[in-house]
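Below, each chain spelled out in residue letters.
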Amino acid sequence: MSEKGYQYSFVAKGTVVLAEHTPYSGNFSTIAVQCLQKLPSNNTKYTYSCDGHTFNFLLDSGFVFLVVADVAMGRSVPFVFLERVKDDFKQRYAGSTKNDEDDRYSDEDYGSRQVSLPSTGRQV
């Protein structure tokens, strides 16, 4: 993640964060979880702005994908990133994400990892 790019990201099931990543200190995770708990369920994409950052949420099949980005990145680039994270997540964990009755997920199951964005070369 770069200083002028992505600062924080997570994958959640409902309101439970399964895996997160940030190289920075700060209150990104606190604000993100507060926003997560207030997300309306009638849409699949949301963006909240706070202190020069956007909190971009993508909802899909009970999972929530978030990336906190610098406001200068706009909205489309973070959502392209989230779509790629979602696709990668579903491909890697297809077997464990299909059972909606089993909500016992943890960082050990999914782990924190970096995703390379080919178009920008940034590490997130």
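Presented here is a report on the structure given in the accompanying data block. These figures come from a predicted structure and were not determined experimentally. (Residues numbered from 1 in each chain as written. Predicted model: local features only at pLDDT ≥ 70, side-chain atom pairs only at ≥ 80, totals over all residues. Heavy atoms only, no water.)

Grouped together as the largest cluster of nonpolar side chains are 16 residues, with contacts concentrated most on Phe10, Phe55, Phe57, Val64 and Leu66. Counting residues per element, this core draws most heavily on helix α1 (residues 28-37), which supplies five residues. Sequence-distant contacts of Leu66, that is, excluding residues within four places in its chain, are made with Tyr8, Ser9, Phe10, Ala32, Phe55, Asn56, Phe57 and Leu82. If you look at the next biggest cluster of nonpolar residues, it comprises 15 residues, including Leu58, Phe65, Ala69 and Met73. (Core = buried A, V, L, I, M, F, W, Y, C linked by side-chain atoms within 4.5 Å. Buried < 20%, exposed > 50% of the residue type's maximum accessible area, 1.4 Å probe, protein only. Helix = DSSP H or I, 4+ residues; strand = E, 2+ residues; numbered from the N terminus. Contact = heavy atoms within 4.5 Å.)

Moving on: the pairing of strand β5 (residues 63-70). With eight of eight residues buried, β5 is to be regarded as a mostly interior element. Bridging between strand β1 (residues 6-13) and β5 involves seven bridges; their strand directions are antiparallel. Residue pairing for β5: Val11 is matched across the bridge by Phe65. Pairing of strand β4 (residues 53-60) with β5, which is carried by eight bridges, proceeds in the antiparallel orientation. Along β5, the bridge assignment pairs Asn56 with Val67. Linking β4 to β5, which pair antiparallel, is a turn of two residues; within it Ser61 sits at a positive phi near 55 degrees. (Pairing = 2+ DSSP bridges.)

With eight of eight residues buried, β4 is to be regarded as a mostly interior element. The alternating pattern of β4 places His53, Phe55, Phe57 and Leu59 on one face and Thr54, Asn56, Leu58 and Asp60 on the opposite face, and all of these are buried. Pairing geometry for strand β3 (residues 45-50) and β4, over six bridges, is antiparallel. Looking across to β4, one finds that Ser49 is bridged to Thr54. The turn joining β3 and β4, which pair antiparallel and follow one another in sequence, is formed by two residues; a positive phi near 50 degrees is taken by Asp51.

On to α1. The α-helix advances 3.6 residues per turn, and as a result positions three or four apart in sequence lie on the same side. Residues Phe28, Ile31, Ala32, Cys35 and Leu36 constitute the buried set of α1. Take α1 and look down its axis: the buried residues cluster within an arc of 140 degrees, on one side only. Those residues of α1 hidden inside the fold are in contact with β1, β2 (16-21), β3, β4 and β5. (Arc of directions from axis to C-beta.)

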